[in-house]
Amino acid sequence: MQKPEVVFILGGPGAGKGTLCRYIVEHYGYVHLSAGDLLREERAKPCSEYGELIETHIRNGTIVPVEITCSLIDRAMQTSENPHHRFLIDGFPRNQDNLDGWNKMMADKVILKGVIFCECSQEVCTQRCLKRGASGSGRSDDNEQSLVLRHQTYLKNTLPIIEMYEQQGLVYKVNSMKTPKEVFQDVAEFFPKIGW
Ligand code: UP5
Ligand code: MG
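Residues numbered from 1 in each chain as written. Chains lettered and ligands numbered in written order. Predicted model: local features only at pLDDT ≥ 70, side-chain atom pairs only at ≥ 80, totals over all residues. Heavy atoms only, no water.

Trainee: Hey, could you run me through the UniProt feature "binding site: ATP" (unreviewed entry) in the protein in this one?
Mentor: In this structure's numbering, the residues bearing the UniProt feature "binding site: ATP" (unreviewed entry) are Gly14, Ala15, Gly16, Lys17, Gly18, Thr19, Arg132 and Lys178. Looking only at the residues we just named, the largest pocket is lined by Gly14, Ala15, Gly16, Lys17, Gly18, Thr19, Arg132 and Lys178. On the secondary structure map, glycine 14 appears in the loop between β1 (5–11) and α1 (17–28). Taking the relative accessible area as the measure of exposure, glycine 14 reaches 18% and is therefore buried. (UniProt positions renumbered as here; feature names shortened; annotations may be inferred. 1 Å grid on protein atoms, 1.4 Å probe; cavity = no way out; pocket = protein on both sides within 12 Å on 5 of 7 lines; lining within 4 Å. Helix = DSSP H or I, 4+ residues; strand = E, 2+ residues; numbered from the N terminus. Buried < 20%, exposed > 50% of the residue type's maximum accessible area, 1.4 Å probe, protein only.)

Have a look at this one:
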């Protein structure tokens with residue numbers, strides 16, 4: 001059977017990764033897996049042994065151990081009934097531990113086609129998340145304190161991962177300060193380059 005194809009969607013907290021993915025799903029029908037959403041779903045399960053651990057990491061903007069996140073991604077990929085076998089993995093890998101775990105557990109099972117990097121200033125990212133928090137997102141990390149920590153983690157841990165992929169020629173940069181539609185239209189030019 002054909003191996004699933006993956007594009008990672010990376011960028012700062014509130015850069016618009018999820019919004020872009022929703023546009024892509026609507027127009028192309030690919031599968032969107034947000035690592036953050038998968039962790040929030042796991043946290044919400046009364047039977048989960050990881051609920052508290054996940055919540056602590058999310059609130060502090062730190063990164064959940066890769067074994068947990070990667071297992072959730074793996075399961076979501078395996079249970080997907082989408083005929084495309086094309087997956088947008090949003091918000092992962094975020095640090096070296098994530099990358100090592102992915103390489104160990106998943107890299108042989110999939111084909112990594114590219115990385116979309118949503119570039120957005122810290123100020124705009126923060127304002128977007130605060131606005132979302134104020135309008136009732138219910139996310140325990142949409143507050144000023146968590147946002148400072150989320151951004152620190154992004155700069156210290158995630159940017160080096162993006163830079164590593166950039167050196168491998170896998171990164172497509174998009175200015176995600178534009179409107180969601182413009183961001184999507186830009187990304188639509190990238191897909192033919194990877195055969196999507
Ligand atoms: N918005 C979006 N695009 C816009 C645009 N172009 N113009 C104007 N407004 C725009 O957007 C954020 C807000 O901005 C929304 O209100 C949207 O309408 C508006 P969204 O599309 O949600 O941006 P996104 O980049 O997805 O922001 P998100 O808050 O989800 O980013 P994070 O990376 O911080 O959150 P995530 O859910 O990925 O992770 C949360 C936490 O989970 C992490 O901090 C970490 O603790 C944990 N985590 C792990 O430990 N491991 C993982 O692998 C993943 C997560
Ligand atoms: Mg998101």
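Continuing now.
Trainee: How should I be thinking about the packing of helix α2 (residues 35–44) against helix α3 (residues 51–60) in this particular structure?
Mentor: Relative orientation of the contacting elements α2 and α3 amounts to 135°, with a least axis distance of 8 Å. What the angle tells us is that α2 and α3 run oblique. Considering only the axes of α2 and α3, their crossing is left-handed. Along its contact with α2, which presents Leu39, Arg40, Glu42 and Arg43, the element α3 presents Gly51, Ile54, Glu55 and Ile58. (Axes fitted to C-alpha atoms, helices over the stretch in contact; angles between N-to-C directions. Parallel < 35°, antiparallel > 145°, perpendicular 65-115°, else oblique. Left-handed = near helix turned anticlockwise from the far one by under 90°. Contact = heavy atoms within 4.5 Å.)

Trainee: Where do I start with the nonpolar core in this structure?
Mentor: Generally speaking, soluble globular proteins have nonpolar side chains that are buried together. By size, the foremost hydrophobic cluster in this structure holds 33 residues, and its most contacted members are Phe8, Ile73, Met77, Ile89, Phe92 and Trp102. Broken down by element, this core gets its largest block of residues, seven residues, from helix α4 (residues 66–79). If we ignore the near neighbours within four places in the chain, the residues touching tryptophan 102 are Val6, Phe8, Val66, Cys70, Ile73, Ile89, Phe92, Ala107 and Val110. One finds Tyr30, Ile116, Val183 and Val187 within the second-largest nonpolar core, a separate group that totals 21 residues. (Core = buried A, V, L, I, M, F, W, Y, C linked by side-chain atoms within 4.5 Å.)

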